[in-house]
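Listed here are the chains, written in short residue letters.
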Amino acid sequence: MATNDNNKFQAVIAHAKEYGFVFPSSEIYDGLSAVYDYGPWGSELKKNIRDYWWKSMTQLHENIVGIDAAIFMHPTTWKASGHVDNFSDPMIDNKDSKKRYRVDHLIEAHAETLSGEAAAALLASMDRLLSVDDFAGLKKLIEDNKIKCAISGTGNWTDIRQFNLMFKTEFGAVASENEGDNMVYLRPETAQGIFVNFLNVQKTARMKIPFGIAQTGKAFRNEIVARQFIFRMREFEQMEMQFFVRPGTEGEWYKYWKQARLQWHLSLGMPAEKYRYHDHVKLAHYAKEACDIEFEFPIGFKEVEGIHSRSDYDLSQHQLYSKKKLQYYDNDIDEATGKPYGNYVPYVVETSIGLDRMFLSVLSHAYEEETIPREDGSSDSRTVLRIPAKIAPVKLAILPLTKKDGLPEIARDIMRSCQDEFYCFYEEKDTIGKRYRRMDAIGTPLCITVDHQTKEDNTVTIRYRDTMTQERLPIDKVVALVKEKIR
RNA sequence: GCGGAAAUAGCUCAGUUGGCAGAGCAUCAGUUUCCCAAACUGAAGGCCGCGGGUUCGAAUCCCGUUUUCCGCUCCA
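Overview of the structure.

A word on the overall build of chain A
The secondary structure content of chain A amounts to 16 helices and 23 strands. Counting contacts in chain A only where the partners sit at least 6 residues apart, residues at least 24 apart contribute 63% of the total. Working note: accessible area of chain A is about 24,700 Å², and carbon and sulfur atoms make up 49% of it. Placing the 65 positive and 72 negative side-chain charges of chain A at their respective mean positions leaves the two points 1 Å apart.

Next up, the structure:
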């Protein structure tokens, strides 16, 4: 990675904070690691990206509907999904080799080198300690048996720690004697809220396969290492769509959505050369095919969105754990047999995009420090956010050239006629040039200026962010022109 | 989690034999100018990240801690 790009990333972060896009969480208390708040313009931009995605999924697809599931879910959900079992193992690090081991794997590997009787005794001790989460006892067991790291050959271990990516909290106001009883998780992904509602949605919205369920919402992961600004946060927002298909057709739908999702990014005006696919070679246990859509951030190509062919894994698991059928009766005629396809558990193709990552991709692509030659030969600089107009936080700034001569009154009238249509910003302080540059810095695509000529012929100057050019326009054409530019 | 670096006004930073906390820009009030950030006057803004220690005295030296960035590690 070039140093320039690294500097650019720093600049984007600094700009995001200075101009009210993203702040560190609870900053007056020194912040909270890997948690961020969205400021005035950041929350507008984030909302605009979310709305654009939501509309493209639901309003523009007759066979996709939305839901808004709760963050809290029945704890068994996460047993069924595999999140509880796969991500709560106690781990230990060797300080010399920096290698991290699962404690049970480490001890089991050592047991294999022992005689049958000694091995059995060791494993019995391990199981007893594991069952009561006695980490100090487990570490003592490792030390007493002089278990060494295979790489460094030393017994220089850290304390044993439990890594669990899921946040837990207490459910209900009364503490239970048995600690686990009232425990719920904050969802580590939004997908399960869709799967458990599969039949509710299918029946009430009378959906026929193939169909999709879309959802946006917060998810929480207690990442071991969460860094790189809003790229990896402990609390983040996903935009997900689970598409339910007849088994056997998942391959073609996977291809369809892989292509369609990249097209969505490009439709925002993001440049094609900054995107690429990354096909997964190593697949998760449930996946048939999977790929990421990667975007070239200043820190390199990174995942923005994932497209996964998840088979019937999730619905089947919920069937198993809930003992409720999650099947669909398909009335379409199977040409091979001449009969309906009948009952089956649908297969799922998932598209899952990180809203915060999308936000970061838009912001880092939009950010530009320009050098502008001046007439006298010197040069000037401006910082501009070339945010696509349709998702820009502020669409139009309305600026009276001076504070006198009735110009603010005319500008206020225009403001009133526009602010119901799109987000407008009114300002009369400072010179017109400064106000233009401030609007550039938050990515406002259009500014209009009310000047003395306005009083004579009812025209205003409209100035474009990207080209810095301007032209005259009758006041009564302003709304229509802006609406056209932000489509 | 390990290793490295950093933290002083909203921003960018200056501030060493340890001795009164500073500049530019930005902000706010007013004046002036007015079509691309650069005029004038005034004001506000700081437990020098936080907590200890050394010292007559600490932004400065020492220890700890938090946060951020970089490399490694992890990432269903």
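Overview of the nonpolar core
Ranked by size, the top nonpolar core spans 58 residues in total, and within it Phe21, Leu45, Ile49, Met358, Phe359 and Ile387 carry the most contacts. Of the residues forming this core, the biggest block, seven residues, is contributed by helix H12 (residues 355-366). Apart from the residues lying within four places of it in its own chain, the contact partners of isoleucine 49 are Met239, Trp264, Leu355, Met358, Phe359, Val362 and Ile391. With 22 residues, the next largest nonpolar core counts Leu396, Cys418, Phe422 and Val450 among its residues.

Let's talk about the packing of aromatic side chains
With the rule as written, the count across this model stands at 19 aromatic pairs. Ring centres of phenylalanine 72 and phenylalanine 171 lie 5.5 Å apart, and the angle between their planes is 80°; on these two criteria the pair is classed as edge-to-face. Here phenylalanine 171 lies in the loop between strand E7 (168-170) and strand E8 (183-185) and phenylalanine 72 lies in the loop between strand E3 (64-66) and helix H3 (76-80), a separation of 99 residues in the sequence. On the numbers, 6.4 Å between centres and 85° between planes, the contact of phenylalanine 195 with phenylalanine 244 is edge-to-face. Here phenylalanine 244 lies in strand E10 (residues 235-245) and phenylalanine 195 lies in helix H8 (residues 191-196), a separation of 49 residues in the sequence.

Observations regarding the sheet that holds strand E20 (residues 424-426)
Reading across the sheet, the five strands line up as E20-E19-E21-E22-E23 and stay open at both edges, with mixed pairing between neighbours. Each having just a single partner strand, E20 and strand E23 (470-474) make up the two edges of the open sheet. Recorded for the sheet is a direction-independent mean angle of 25° between the axes of neighbouring strands. The strands touched by helix H16 (residues 478-485) are strand E19 (396-400), strand E21 (446-450), strand E22 (459-464) and E23; relative to E22, the strand with the most contacts, the crossing angle is about 15°.

Comments concerning the sheet that holds E3
Within the open sheet, the seven strands sit side by side as E3-E9-E10-E16-E13-E12-E11. Their pairing is mixed. The sheet terminates laterally at E3 and strand E11 (275-279), the two strands that pair on one side only. Adjacent strand axes in the sheet meet at a mean angle of 25° when their direction is disregarded. The pairing of strand E12 (residues 289-297) with strand E13 (residues 300-311) spans nine bridges and is classified as antiparallel. Within E13, the residue paired with isoleucine 293 across the bridge is glutamate 305. Sitting on the sheet, H12 touches E10, E11, E12, E13 and strand E16 (347-354), and the angle it makes with E12 is about 35°.

Quick look at the environment of valine 225
Along the chain, the position of valine 225 falls in the loop between strand E9 (211-220) and E10. Overall, the relative accessible area of 48% leaves valine 225 in the partly exposed class. Taking the C-alpha atoms as reference, valine 225 lies 9.8 Å from serine 33; in sequence the two are 192 residues apart.

Examining the environment of methionine 91
Residue placement: methionine 91 occurs in strand E4 (residues 90-93). Residues methionine 91 and leucine 266 lie 175 residues apart in sequence; the distance between their C-alpha atoms is 42 Å.

A closer look at helix H10 (residues 250-267)
When the terminal C-alpha atoms of H10 are compared, their 25 Å separation across 18 residues agrees well with the 26 Å that a helix rising 1.5 Å per residue should span. Listed in full, the buried residues belonging to H10 are Glu250, Tyr254, Trp257, Lys258, Ala260, Arg261, Leu262, Trp264 and His265. One or two steps after H10, the chain reaches glycine 269, where phi turns positive at roughly 95°.

As for the packing of helix H2 (residues 40-59) against H10
Think of two packed helices as two axes; the pair is described by the angle between the axes and how far apart they sit. Two elements in contact, H2 and H10, have axes separated by 12 Å at closest approach and are oriented at 135°. Taken together, the axes of H2 and H10 lie oblique to each other. For H2 against H10, the interelement crossing comes out right-handed. Across from Ile49, Tyr52, Trp53, Ser56 and Met57 in H2, the residues of H10 making contact are Trp257, Arg261, Trp264 and Ser267. Residues that form the contact of H2 with H10 fall into these classes: six nonpolar, two polar and one charged.

Points about the pattern of salt bridges
Scanning all chains against the criterion turns up 29 salt bridges. Between aspartate 330 and arginine 246 there is a salt bridge; the shortest N-O distance is 2.9 Å. Here arginine 246 lies in the loop between E10 and H10 and aspartate 330 lies in strand E14 (residues 328-334), a separation of 84 residues in the sequence. As far as burial versus exposure is concerned, aspartate 330 and arginine 246 are alike and both buried. Residues aspartate 314 and arginine 310 are paired through a salt bridge, measuring 2.8 Å at the closest nitrogen-oxygen approach. Pair check on accessibility: aspartate 314 and arginine 310 agree, each one buried. What emerges from the salt-bridge pattern is a single network uniting Glu368, Glu370, Arg382, Arg386, Asp440, Arg463, Arg465 and Asp466.

A closer look at the side chain of glutamate 240
With respect to the helices and strands, glutamate 240 occurs in strand E10. Of the side chains with opposite charge, arginine 310 comes closest to the buried, unpaired glutamate 240, at an N-O distance of 5.6 Å. A polar contact is formed between the side chain of glutamate 240 and the side chain of glutamine 242, at a distance of 3.4 Å. At 3.1 Å, the side chain of glutamate 240 and the side chain of serine 352 are in polar contact.

Thresholds, definitions, all that
Residues numbered from 1 in each chain as written. Chains lettered and ligands numbered in written order. Predicted model: local features only at pLDDT ≥ 70, side-chain atom pairs only at ≥ 80, totals over all residues. Heavy atoms only, no water. Helix = DSSP H or I, 4+ residues; strand = E, 2+ residues; numbered from the N terminus. Contact = heavy atoms within 4.5 Å. Areas by Shrake-Rupley, 256 points an atom, 1.4 Å probe, with all protein chains shown as cover. Lys, Arg positive; Asp, Glu negative; His and termini not counted. Charge placed at Lys NZ, Arg CZ, Asp CG, Glu CD. Core = buried A, V, L, I, M, F, W, Y, C linked by side-chain atoms within 4.5 Å. Buried < 20%, exposed > 50% of the residue type's maximum accessible area, 1.4 Å probe, protein only. Phe/Tyr/Trp six-rings, centres within 6.5 Å; stacked < 30°, edge-to-face > 60°. Pairing = 2+ DSSP bridges. Axes fitted to C-alpha atoms, helices over the stretch in contact; angles between N-to-C directions. Expected span 1.5 Å × (residues − 1). Parallel < 35°, antiparallel > 145°, perpendicular 65-115°, else oblique. Left-handed = near helix turned anticlockwise from the far one by under 90°. Nonpolar A, V, L, I, M, F, W, Y, C, P; charged D, E, K, R; others polar. Salt bridge = Lys/Arg side-chain N within 4 Å of Asp/Glu carboxyl O. Polar contact = N/O pair within 3.5 Å; in protein donor to acceptor, adjacent residues only side chain to side chain.

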